[in-house]
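Structural features, examined
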Amino acid sequence: MKYLKIYIVLLFGFLSPSCDQLLDMPAESKYEEKIVVNATIIAGAMYFGGILIPIPIDSIRVHTSSRIDEPFDARSNALSGALVILESSAFVDTLVEYETAPGVYHPSQLRFAKEGETYTLRVSDGIHPDVIATTTVPSPVKMVRDSVHTDTGLVAGFQDTIVYRPAGREDDFMNPVIFSFDIEYDSAAPPSLVRLVNIALEPSEENMIMEDDSLKALLYKWQGLATDEEGMKLRLIMKSATSFNSTIFDRRYEVSWSALTFYGPQMFLVLSLDEHYYNYHKGFLEGPPRNFNYLPETNIVGGYGLFSSASIAPENIHFYYLRRP
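One numbering rule holds for all chains: residues counted from 1, following each sequence as written. Per-residue local features of the predicted model are confined to residues with pLDDT of at least 70, and side-chain atom pairs are confined, for both listing and counting, to 80 or more; whole-chain, interface and lining totals are unaffected and use all residues. Note: side-chain values were computed over all heavy atoms of the structure, leaving out hydrogens and water.

For each residue, the accessible area found with a 1.4 Å probe, counting protein chains only, is set against the maximum for its type, and the residue is called buried under 20%, exposed over 50%, and partly exposed in between. Here a strand is any run of E in DSSP of at least two residues, a helix any run of H or I of at least four, and the numbering for each starts at the N terminus. Within helix α1 (residues 214-221), the full set of buried residues consists of Lys216, Ala217 and Lys221. One side of α1 holds all its buried residues, which, seen down the axis, span an arc of 100°. Within α1, the exposed residues directed more than 90 degrees away from the buried face are Ser214, Leu215 and Leu219. Looking one or two places after α1, you find glutamine 223, whose phi comes out positive at around 50°. Our arc is simply the arc of the directions from the helix axis toward the C-beta atoms.

As structure tokens, this is what we get:
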């Protein structure tokens with residue numbers, strides 16, 4: 001069961017017209033502390049041990065905002081004791097805060113999101129402005145003609161094994177390709193965004209992929225992370241999962257050497273995400289925003305953050321084993 005609980009960034013730049021011109025800075029506005037919400041509810045199911053298991057609605061994180069000149073701390077900014085209500089046409093649930101995780105709230109009982117259903121989230125604490133947000137779960141996409149074949153659901157078996165192909169001097173960011181696939185979707189209601197995620201289930205220094213060209217690996221795969229003790233810790237934490245967002249669906253998707261970071265058991269999945277997730281991230285779908293004054297487009301009324309939804313077909317969750325060359 002250890003794999004079942006595996007769950008599913010800021011650079012900036014600006015241009016000045018000339019050295020003797022002043023930057024056109026926006027007028028200063030008064031800061032107001034508000035509630036920040038972060039949550040994505042997922043509709044779908046996955047095969048585990050040959051059994052189809054529905055994915056429950058996970059936790060919702062609630063904290064307060066900070067001034068730009070004040071440090072943010074996950075614990076001190078956590079909003080504890082708030083009233084957090086999640087509702088749909090099927091239920092109204094007052095969420096429960098984890099005793100060991102301030103500001104993290106979960107449904108009072110197992111709840112399962114449904115495709116096409118609209119969910120409303122309300123948060124209040126009697127101090128800050130109340131917040132409200134809604135999301136409608138999109139339809140899932142389907143992986144077809146793929147070279148990562150779904151196994152029988154028995155994680156220990158890993159009937160599908162892929163041999164890793166390292167990058168050489170003549171290769172680039174997208175070559176060599178390790179596996180590929182197409183997607184099918186409802187053309188009458190296409191997704192706003194699809195997200196490809198690969199998770200190394202046993203990341204370790206021993207399993208770290210080091211056979212590819214060292215310079216290319218540093219630039220494309222490890223993105224400058226060092227090889228000292230602290231650098232290795234960061235690699236294990238930050239690079240066990242890699243992801244890629246896409247809004248172009250009529251294409252052959254290819255997963256290259258640069259997206260795979262550790263040998264051993266892997267889980268690959270494709271999520272369909274709603275328009276709120278797309279709107280929030282559209283300024284930096286493939287990286288950080290380039291506009292110094294960029295503010296994400298949020299659906300949180302009265303506060304900040306994002307309340308979105310996603311869906312996944314069971315066939316879109318693949319367990320496979322990545323073998324050394």
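Having seen the model, we can carry on.
Following the sequence through the fold, valine 131 ends up in strand β9 (residues 131-136). In the structure, valine 131 is positioned 172 residues away from glycine 303 in sequence and 5.7 Å away in space, judged by C-alpha atoms. Setting aside residues up to four positions removed in sequence, valine 131 forms contacts with Ile35, Val37, Leu121, Arg122, Val123, Ile300, Val301, Gly302 and Gly303. By definition, residues are in contact when any of their heavy atoms lie within 4.5 Å.

Turning our attention to the packing of aromatic side chains. Any Phe, Tyr or Trp ring, taking Trp's six-membered ring, that has another such ring centre within 6.5 Å forms a pair; planes under 30 degrees apart are called stacked, those over 60 apart edge-to-face, and the others tilted. Going through the model one piece at a time under the given rule, you end up with 10 aromatic pairs. A ring pair is formed by phenylalanine 173 and tyrosine 220, whose centres lie 5.3 Å apart and whose planes are at 70°; its orientation type is edge-to-face. Here tyrosine 220 lies in helix α1 and phenylalanine 173 lies in the loop between β11 (161-163) and β12 (177-184), a separation of 47 residues in the sequence. For phenylalanine 173, a relative accessible area of 38% gives the class partly exposed. Look at phenylalanine 179 and tyrosine 320: their rings are 5.7 Å apart centre to centre, the planes differ by 70°, and that puts the pair in the edge-to-face class. Of the two residues, phenylalanine 179 is situated in strand β12 and tyrosine 320 in strand β18 (residues 317-323); the sequence distance between them amounts to 141 residues. Assessed through its relative accessible area of 1%, phenylalanine 179 is described here as buried. Here tyrosine 320 falls in the buried class, since its relative accessible area comes to 0%. Connected via pairs of aromatic rings, a cluster forms that spans Phe179, Phe181, Tyr253, Phe268 and Tyr320.

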